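This is what each chain is made of:
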Amino acid sequence: MSSLKQANRTQRGSLQIHEANPANKLHLTVVEDYEQMSQAAGQLVLHQLTQRPDSVLGLATGGTPVGLYRKLREEKADLSQAMTFNLDEYYALPRQHPQSFYQFMKGHVYDPLMPLGYDIPNGESAEVEQECTRYETAIRDAGGIDLQVLGVGRNGHIGFNEPETAFSSRTRLVALKRETLEDNAQFFDHVSEVPKQAITMGIGTILEARTIVLLASGPAKAEALYQLMYGDISPSVPVTALRLHPTVHVIVDKAAAALLK
Ligand code: PGA
């Protein structure tokens, strides 16, 4: 079904009508493997920084962008005028915990690449609502995100926006789904230690980025990729919200593209 035909589709239970953006183009690039995916993503980010050294970058954590950040370090990407915002952070996990997203970013990006400024939701905040408002305001005050890097969960989540999240959602506290807890358990001693909540940018926040780069690698992501390309635009698969955005680069390896025609 074309995205135009999906316009005017009424979403189950929400009475919300999502108009497919007629200008939407998912720029799909299928590469051989994780290494090539990271290389291609690195080129896009480096190009963005060349075009606009004071770019505002939206960054992601997880296994997917590790290779991209390695490329940026290898290429000595100049972030000295750039600002970064992260998609999400576990809630109530101390920032000093080795599995906090803050520590991930510190190791992969903040310390080695030294952006002019960086921000990430404060998962230790006692005033969560205020923290979410602060984060939205900080993004806006920085001029909005020029380029947002995204991974995708095997259940189709983007950031920690799990299935059935409204496309209009903003930064907020969310509960993580079982499959997300299981997927992230590999980084903890036991699944019971994975934080059950997180602060995440909303889908509405993500869709305001000027350009989006979605990365996916490996067979576990194949179904989510299929839904992105061919499924209904629906909150039941959050990544399909990207079809409402005008400029999305989808860079995937062959394994993640296995179900695409
Ligand atoms: P991953 O996570 O990069 O560790 O596969 C992606 C995501 O959950 O968004």
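Asker: Could you clarify how one ought to interpret the sheet that holds strand E9 (residues 172-175) in this entry?
Answerer: Two pairing modes exist for strands in a sheet, parallel and antiparallel, and in both the strands are linked by backbone hydrogen bonds. What the three strands build is an open sheet, ordered E6-E10-E9; its pairing is antiparallel. Because the sheet does not close on itself, it has two edges, and the strands there are strand E6 (88-90) and E9. When strand polarity is set aside, the average angle formed by the axes of neighbouring strands in this sheet is 30°. In the sheet, E6 pairs with strand E10 (residues 197-200) via three bridges, with the strands oriented antiparallel. The residue of E10 that forms the bridge with Asp-88 is Thr-200.

Asker: Is there a simple way to think about the site of the ligand in this case?
Answerer: Close to the ligand lie Gly-62, Gly-63, Thr-64, Gly-151, Val-152, Gly-153, His-157 and Lys-221, which account for all nearby residues. At a separation of 2.9 Å, an oxygen atom of the ligand approaches a polar backbone atom of Gly-63. At a separation of 2.6 Å, an oxygen atom of the ligand approaches a polar side-chain atom of His-157. When the ligand sits alone it has 280 Å² of accessible area, and the protein chains cover 77% of it.

Asker: I tried to follow the pattern of salt bridges on my own but got confused; where do I start?
Answerer: Side chains that differ in charge, positive against negative, can pair when their charged atoms come close. Per the stated rule, a full pass over the model turns up 16 salt bridges. Across the salt bridge formed by Arg-52 and Asp-54, the nearest N and O atoms sit 3.0 Å from each other. Judged by its relative accessible area of 36%, Asp-54 is partly exposed. The closest approach of N and O atoms between Arg-154 and Glu-182, which form a salt bridge, is 3.6 Å. Of the two residues, Arg-154 sits in the loop between strand E8 (147-150) and E9 while Glu-182 sits in helix H5 (residues 178-184), which places them 28 residues apart along the sequence. Through salt bridges with shared partners, a single ionic network connects Glu-35, Arg-70, Lys-71 and Glu-74.

Asker: Help me understand helix H4 (residues 128-141), please; the structure alone is not making it clear to me.
Answerer: Every α-helical turn comprises 3.6 residues, leaving residues that sit three or four positions apart pointing alike. Here H4 is 14 residues long and its end C-alpha atoms lie 20 Å apart, about the 20 Å a rise of 1.5 Å per residue gives. For H4, every residue scored as buried is listed here: Val-128, Glu-131, Cys-132, Tyr-135, Glu-136, Ala-138 and Ile-139. Buried positions in H4, seen along its axis, are confined to an arc of 160° and lie on one side of it. Summarising the geometry of H4, the exposed residues directed more than 90 degrees from the buried face are Glu-129, Gln-130, Thr-133, Arg-140 and Asp-141.

Asker: Can you help me understand the nonpolar core in this one?
Answerer: One recurring pattern in soluble globular proteins is that nonpolar side chains are buried together. Tyr-69 and Leu-242 are the most contacted members of the largest nonpolar core, which totals 72 residues. Counting residues per element, this core draws most heavily on helix H3 (residues 101-113), which supplies seven residues. Setting aside residues up to four positions removed in sequence, Tyr-69 forms contacts with Leu-59, Ala-60, Phe-104, Met-105, His-108 and Val-109.

Asker: Explain the sheet that holds strand E11 (residues 211-216) here, please?
Answerer: With respect to topology, seven strands assemble into an open sheet ordered E3-E12-E11-E8-E4-E5-E7, the strand pairing being parallel. What marks the edges here is a single partner per strand, and that holds for strand E3 (25-31) and strand E7 (117-119). Averaged over all pairs of adjacent strands, the angle between strand axes in this sheet comes to 15°, irrespective of strand direction. As defined by bridge partners, E11 adjoins strand E12 (residues 247-253) across five bridges and the pair is classed as parallel. Note that in E12 the partner of Val-213 across the bridge is His-249.

Asker: What is the right way to read unusual backbone geometry from this model?
Answerer: Most peptide bonds take the trans configuration, and most residues that are not glycine carry a negative phi. At Ala-92, a residue that is not glycine, the phi angle is positive and equals roughly 70°. The topology assignment puts Ala-92 in the loop between E6 and H3. For Glu-164, which is not a glycine, the phi torsion comes out positive at approximately 85°. Overall, the relative accessible area of 51% leaves Glu-164 in the exposed class.

Asker: Would you explain the side chain of Glu-89 in this entry?
Answerer: With respect to the helices and strands, the residue Glu-89 is situated in strand E6. Among buried charged residues, Glu-89 stands out as having no salt bridge; its nearest opposite-charge side chain is Arg-95, 5.2 Å away. Excluding its chain neighbours within four sequence positions, the residues that come into contact with Glu-89 are Ser-100, Phe-101, Tyr-102, Ile-120, Pro-121, Gly-123, Ala-198 and Ile-199.

Asker: How should the environment of Val-248 be read in this particular structure?
Answerer: Following the sequence through the fold, Val-248 ends up in strand E12. A sequence separation of 38 residues divides Val-248 from Arg-210, and the C-alpha atoms of the two residues are 9.0 Å apart. In contact with Val-248, other than residues within four places in its own chain, are Lys-25, Leu-26, His-27, Ile-212 and Leu-242.

Scoring rules and cut-offs
Residues numbered from 1 in each chain as written. Predicted model: local features only at pLDDT ≥ 70, side-chain atom pairs only at ≥ 80, totals over all residues. Heavy atoms only, no water. Pairing = 2+ DSSP bridges. Helix = DSSP H or I, 4+ residues; strand = E, 2+ residues; numbered from the N terminus. Axes fitted to C-alpha atoms, helices over the stretch in contact; angles between N-to-C directions. Near = heavy atom within 4 Å. Polar contact = N/O pair within 3.5 Å; in protein donor to acceptor, adjacent residues only side chain to side chain. Areas by Shrake-Rupley, 256 points an atom, 1.4 Å probe, with all protein chains shown as cover. Salt bridge = Lys/Arg side-chain N within 4 Å of Asp/Glu carboxyl O. Buried < 20%, exposed > 50% of the residue type's maximum accessible area, 1.4 Å probe, protein only. Expected span 1.5 Å × (residues − 1). Arc of directions from axis to C-beta. Core = buried A, V, L, I, M, F, W, Y, C linked by side-chain atoms within 4.5 Å. Contact = heavy atoms within 4.5 Å. Lys, Arg positive; Asp, Glu negative; His and termini not counted.

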